[in-house]
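Chain and residue survey
Residues per chain, in single letters:
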Amino acid sequence: MESRDNNYYDLRAQNVKLEDITSSAHNAKILRMLRDDDLASTEEEEGALYIVDYTFDHGNTIFVKEGDDWGWLGYFIGRNKQIRNLHLFYLPEDGDQVDAFMEDIKHNKSIECLDFQHKIEGDSIIDRLAPFIIHNTNLKQLRLFEVDLGFNCAHRLAVALIQRQHKSLTRLSLKYNNLLSNIALEEIIGALSGYTQLVSLYVEENLSRRDQKYYDMLAHIIDLKCITSSKKNAEILRRLRDDTWDEKEDLFIADYDSDCGEYFCSEEGDDWGWLGYFIGKNKQIRGLNLHCLPEEEDEVDAFMEGLCRDQSIERLDIRRCEIDFSSLSPFIVNNGNLKDLRLFHVDIFCAHSLAMALSQRQHKSLTKFCFSGNNLSNDALEEISAALTGYPYLEEFGVLENNLIGRDGCESLGTIFRSSALYLKEVLLCGNDFDDEDLQTLVAALTNATTLQLLALSSNRSITAAGLRALSHLFSSACPLETLFLEDMNIGDEGAEALVDGLRGNTTLKHLVLTPDSAGITSTGWAAFSRLLCDTSSINNTYRSNHTLEHIGDDYHYVSDPFGGPKLFRSGNYSGGYFPGIPPAVVQYLKINKENYAAKIKIGRCHPDIPVEVFFGYKLKFLPFLVSWFVGFGTRKCSNCQNATTREFQRRELSAVYKFIRGMPMLAVNGQIQMRLKSSCGRKRKFDE
């Protein structure tokens, strides 16, 4: 290209034939609009010009081809007063053409946004771009995408920003610019210190090229909207960054959104490196629920690297994620506050890494640990169980929906139960396809669990009456079990008899959760439950019946509360919502067991004519106790005893007292005479005085 100066262009600008300096009539039209200050605007963007080398149907676009004169293009842009947004997506390879183009661009005073997106060496553009950055007082937004800056070019960009007198820049975006050196990035950030109007700084490098200092330098100035896909996600990152997170709220990371909780809905545009960094730095988050991970391995690694620095998370719930536990190991090992770890439908293909992390963990503070649907083999479970034996304070342990566990796996679970016997409160073993011998092995390990309150065995359909009979050892041991789940199991009448036999004399079990419709229990089995709750054959047998069991059925819902421990919620009410599928003869006694004086109520209801003859040996000493036994019924009526009215209990009281006196008439008469004699003697003594 021949040497040209400003005079050359000024003298020819109005007369030059635009078709001769462009490759198409379309480009000639754009140059005419630039020359005549008649640039059209679109609804989306005012005064925009795009320079590309590919088909791009968007507003005012120059499709650069052979035959387009870059010197004239730069001249008309430099003199135009209407351009507000210049999107430069292509530059020629010829350095002279680039020089000619950039030489005149620097004269433009109207451009507010320069968007430069082109794979090019920084040495080819930064020095040429510097005068424009320094002298354009209206420039507010600068975007550099895939410009290979390196350290030297980053330094020259920083110098240009420093030399710029008008600090009007509001947005700076640097994406994939090969800022390998934190020193270079630090220099650019330092150059921006005087830009008080800067509201958005976006810097993005390949995840593999970032380190902790990279995040630390940008954390408080990066535009969160640029590294997230939505306003909601940006707000979550802001609260994590600024330590304004509500400790009562768990963070959910998922590929779906929900209004029930704080959900970070991951979509394209979310930067997992930054998400992991802000979680790792936050000191307030207590619960993290990880329900998805990105597909790209470098994104997963960047997220895990940040997460593993966290020291505040107490509850970690991972669901349906393919995760390499070697990347999560530092978090498990070093987070001394972690108390609750749950893995749902996570293939633990590297159980050794998980077991090693649990073994190396110095703080044995883990109190809750749960697997579900993890395809655990006996060997994997044995290795993990061996690591968990060092956690004596486990309160809740669960292995669910792992059908590959056999007898050896049950033995491994037994080692955990024995090591945590003094603290274990809940054991969840649903859906593992355990059989009778498996259950016998597990029960033997649980008999010394002196704090166990809940045992869930639902959906283990291979367990028969023989296995359920083994539970009698648990019911008669020191184990204070309150809730037993046997849902979706074919218990049958034999199983019902086995449970009834085991529960005789038990004073702890309150909730027996089963599925009446599929339990296979007929009237024979329910009759056994009825006798367990109230044996009417004699008063003594009624007294010795079970007065603790309050619920049988499936209208219980087990929900884990992260702040107050697991809870049981049930729906319905006394008008008929409770006990669906349970015979009324059983229901009536379950309701009575909820009363304070269940045994007294059952005796009073089932034995209207109480024989008092057996108490004659106590003579009149027993009479006050007999009366007081009925007093409660004289003042209040049992809420579940519909037929036992106050008048009826008063009649029974009078009848019992009458029988007692009738059985010992002389004692009653003598007692009355002695009372009168004492009374008369007292009056005589008073008269003599």
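Residues numbered from 1 in each chain as written. Predicted model: local features only at pLDDT ≥ 70, side-chain atom pairs only at ≥ 80, totals over all residues. Heavy atoms only, no water.

1. Points about the packing of helix α22 (residues 584–592) against helix α23 (residues 598–606)
What counts here: Axis angles are defined between N-to-C directions and span 0 to 180 degrees, where every axis is a line fitted to C-alpha atoms and, for a helix, only to the segment in contact. Here a helix means four or more residues in a row that DSSP labels H or I, a strand means two or more in a row labelled E, and each is numbered from the N terminus. Here the angle decides the label: under 35 degrees means roughly parallel, over 145 means roughly antiparallel, 65 to 115 means roughly perpendicular, and every other value means oblique. Any two residues whose heavy atoms approach within 4.5 Å are treated as being in contact. Residues are grouped as follows: nonpolar covers Ala, Val, Leu, Ile, Met, Phe, Trp, Tyr, Cys and Pro; charged covers Asp, Glu, Lys and Arg; every other residue, Gly included, is treated as polar.
Across the interface, α22 lies against α23 with an axial gap of 9 Å and an inter-helix angle of 135°. As summarised for this structure, α22 and α23 are arranged oblique, according to the angle between their axes. Contacts from Gln588, Tyr589 and Ile592 in α22 reach Ala598, Ile601, Lys602, Arg605 and Cys606 in α23. A class-by-class count of the residues in the contact of α22 with α23 yields five nonpolar, one polar and two charged.

2. Details of the packing of aromatic side chains
The geometry of two aromatic rings is summed up by the distance between their centres and the angle between their planes. Applicable threshold: Aromatic contacts are taken between Phe, Tyr and Trp rings whose centres are within 6.5 Å, Trp giving its six-membered ring; a plane angle under 30 degrees counts as stacked, one over 60 as edge-to-face, and the others as tilted. Partly exposed describes any residue whose relative accessible area lies between the buried limit of under 20% and the exposed limit of over 50%, with all areas from a 1.4 Å probe on protein chains only and scaled to the type maximum. Geometrically, a charge over a ring is one whose NZ (Lys) or CZ (Arg) sits within 6 Å of the ring centre while staying within 35 degrees of the ring normal.
Counting across every chain of the model gives 26 aromatic pairs. A ring pair is formed by Tyr215 and Trp274, whose centres lie 4.8 Å apart and whose planes are at 90°; its orientation type is edge-to-face. Taken together, the positions of Tyr215 in helix α8 (residues 212–218) and Trp274 in helix α10 (residues 272–281) put the pair 59 residues apart, joining distant regions of the chain. Residue class for Tyr215 comes out buried when judged on its relative accessible area of 8%. Lying over the aromatic face of Phe344, Arg319 brings its terminal NZ or CZ to 4.1 Å of the ring centre.

3. Some words on the sheet that holds strand β3 (residues 85–88)
Condition: Here, strands pair whenever DSSP counts at least two bridges between them.
Strands sit in the order β2-β1-β3-β4-β5-β6-β7 across an open sheet of seven strands; the sheet is parallel. Of all the strands in the sheet, the pair left with one neighbour each is β2 (61–63) and β7 (200–204). With direction set aside, neighbouring strand axes in the sheet form an average angle of 10°. With four bridges connecting them, β3 and strand β4 (residues 113–121) associate as parallel partners. Bridge pairing in β4 places Leu88 opposite Phe116. Seen against the sheet, helix α3 (residues 70–79) touches β1 (48–52), β2 and β3 and runs at an angle of roughly 165° to β1.

4. Overview of the pairing of strand β9 (residues 262–265)
Burial of β9 is two-sided: the residues Glu262 and Phe264 facing one way and the residues Tyr263 and Cys265 facing the other way are all buried. Pairing between strand β8 (residues 251–254) and β9: four bridges, direction parallel. Residue pairing for β9: Leu251 is matched across the bridge by Glu262.

5. What to know about helix α6 (residues 150–163)
Put simply, the rule is: To estimate the expected span of a helix, count its residues, drop one, and scale the result by 1.5 Å. Note that the arc is defined by the directions from the helix axis to the C-beta atoms.
Here α6 is 14 residues long and its end C-alpha atoms lie 20 Å apart, about the 20 Å a rise of 1.5 Å per residue gives. Along α6, the residues that are buried comprise Gly150, Cys153, Ala154, Leu157, Ala158, Ala160 and Leu161. Down the axis of α6, the buried side of the element spans an arc of 160°, and every buried residue falls inside it. Exposed and oriented more than 90 degrees from the buried face of α6 are Asn152 and Ile162.

6. Topic: unusual backbone geometry
Phi angles above zero are rare outside glycine, and His345 is one such case at about 55°. If you trace the backbone, His345 turns up in the loop between β12 (340–344) and α13 (351–360). Despite not being glycine, Asp433 shows a phi value in the positive range, around 60°. Turning to its location among the elements, Asp433 is positioned in the loop between β15 (426–428) and α16 (436–446).

7. Focus on the pattern of salt bridges
Rules: Put simply, a salt bridge is a Lys or Arg side-chain nitrogen that is within 4 Å of an Asp or Glu carboxyl oxygen.
Inspection of every chain in the model, using the stated rule, returns 31 salt bridges. When the shortest N-O distance is used, the salt bridge between Lys106 and Glu103 registers 3.1 Å. Its salt-bridge partner being Asp340, residue Arg342 comes within 3.0 Å of it at the nearest N-O pair. Neither residue differs from the other here; Arg342 and Asp340 are each classed as buried. Through salt bridges with shared partners, a single network forms among Glu235, Arg238, Arg241 and Asp242.

8. Section: helix α5 (residues 126–135)
If you check which residues of α5 are buried, you get Ile126, Leu129, Ala130, Phe132, Ile133 and Ile134. If you follow the buried residues of α5, they end up packed against α4 (95–105), β4, β5 (141–148) and α6.

9. Considering the confidence of the model for the protein
Detailed reading of the predicted coordinates is not advisable wherever pLDDT falls low. The cut-off we apply is this: The pLDDT value expresses, per residue, how confident the predictor is, ranging between 0 and 100.
When pLDDT is averaged along the protein, the result is 86, and 85% of the positions lie at 70 or above. Every residue in residues 562–566 scores below 50 in pLDDT, and together they form 15 contacts with partners more than four places removed in sequence or on other chains. Counting contacts from residues 634–643, a segment whose pLDDT is below 50, to residues more than four positions away or on other chains yields 19 contacts.

10. Focus: the nonpolar core
Note that soluble globular proteins tend to have their nonpolar side chains buried in a common cluster. Put simply, the rule is: The criterion is simple. A nonpolar core is a set of buried Ala, Val, Leu, Ile, Met, Phe, Trp, Tyr and Cys residues joined through side-chain atoms within 4.5 Å.
Ranked by internal contacts, the top residues of the largest apolar core, which has 189 residues, are Ile77, Ile253, Phe369, Leu484 and Phe529. With sequence-adjacent residues up to four places away left out, Phe369 is seen in contact with Leu341, Leu354, Leu358, Ile384, Leu388, Leu394, Glu396, Phe397 and Gly398. Of all hydrophobic cores here, the second largest spans nine residues; its members include Phe344, Cys370, Ala456 and Val513.

11. A closer look at the sheet that holds β15
Sheet architecture is open: 12 strands sit in the order β9-β8-β10-β11-β12-β13-β14-β15-β16-β17-β18-β19, paired in parallel fashion. The strands lining the two open edges of the sheet, one partner per strand, are β9 and β19 (551–553). Pairs of neighbouring strands in the sheet enclose a mean axial angle of 10°, with direction left out of account.

12. Re the environment of Arg652
Relative to the elements of secondary structure, Arg652 occurs in helix α25 (residues 646–663). Put simply, Arg652 and Asp609 are 43 residues apart on the chain and 7.3 Å apart in space, counted from C-alpha to C-alpha.

13. Points about the side chain of Ser168
Formally: Contacts described as polar in this section are N or O atom pairs within 3.5 Å, which, within protein, must combine one atom able to donate a hydrogen with one able to accept it, while residues neighboring in sequence count only if both atoms come from side chains.
Tracing the sequence through the fold places Ser168 in the loop between α6 and β6 (171–175). Within the structure, Ser168 has its side chain in polar contact with the backbone oxygen of Leu139 (distance 3.2 Å). Those residues within four positions of Ser168 in sequence are excluded, and the remaining contacts are Thr137, Leu139, Lys140, Tyr195 and Gln197.

14. Examining a nonpolar patch on the surface
Put simply, the rule reads: Each patch is built from salt-bridge-free residues with over 30% relative accessible area, joining like charges within 9 Å and nonpolar side chains (Val, Leu, Ile, Met, Phe, Trp, Tyr) within 5 Å. Calculation of accessible area relied on Shrake-Rupley with a 1.4 Å probe; when residues are assessed, cover is drawn exclusively from the protein chains displayed.
Together, Tyr393, Leu422 and Tyr423 give the surface a local cluster of nonpolar side chains, amounting to about 320 Å² of exposed area. Among the secondary structure elements, Tyr423 is positioned in the loop between α15 (407–419) and β15. Residue Tyr423 is classed as partly exposed on the basis of its relative accessible area, which comes to 38%.

15. Brief notes about the packing of helix α2 (residues 25–35) against α3
The relative placement of two packed helices is expressed as an angle between their axes plus a distance between the axes. The criterion, for reference: Handedness of a crossing follows from how the near helix is turned relative to the far one, being left-handed for an anticlockwise turn of less than a right angle and right-handed for a clockwise one.
At a minimum axis distance of 8 Å, the contact between α2 and α3 shows a crossing angle of 35°. The crossing of α2 and α3 is left-handed. Residues Leu31, Leu34 and Arg35 of α2 lie in contact with α3, whose contacting residues are Leu73, Phe76 and Ile77. Residue composition of the contact of α2 with α3, by class: five nonpolar, no polar and one charged.

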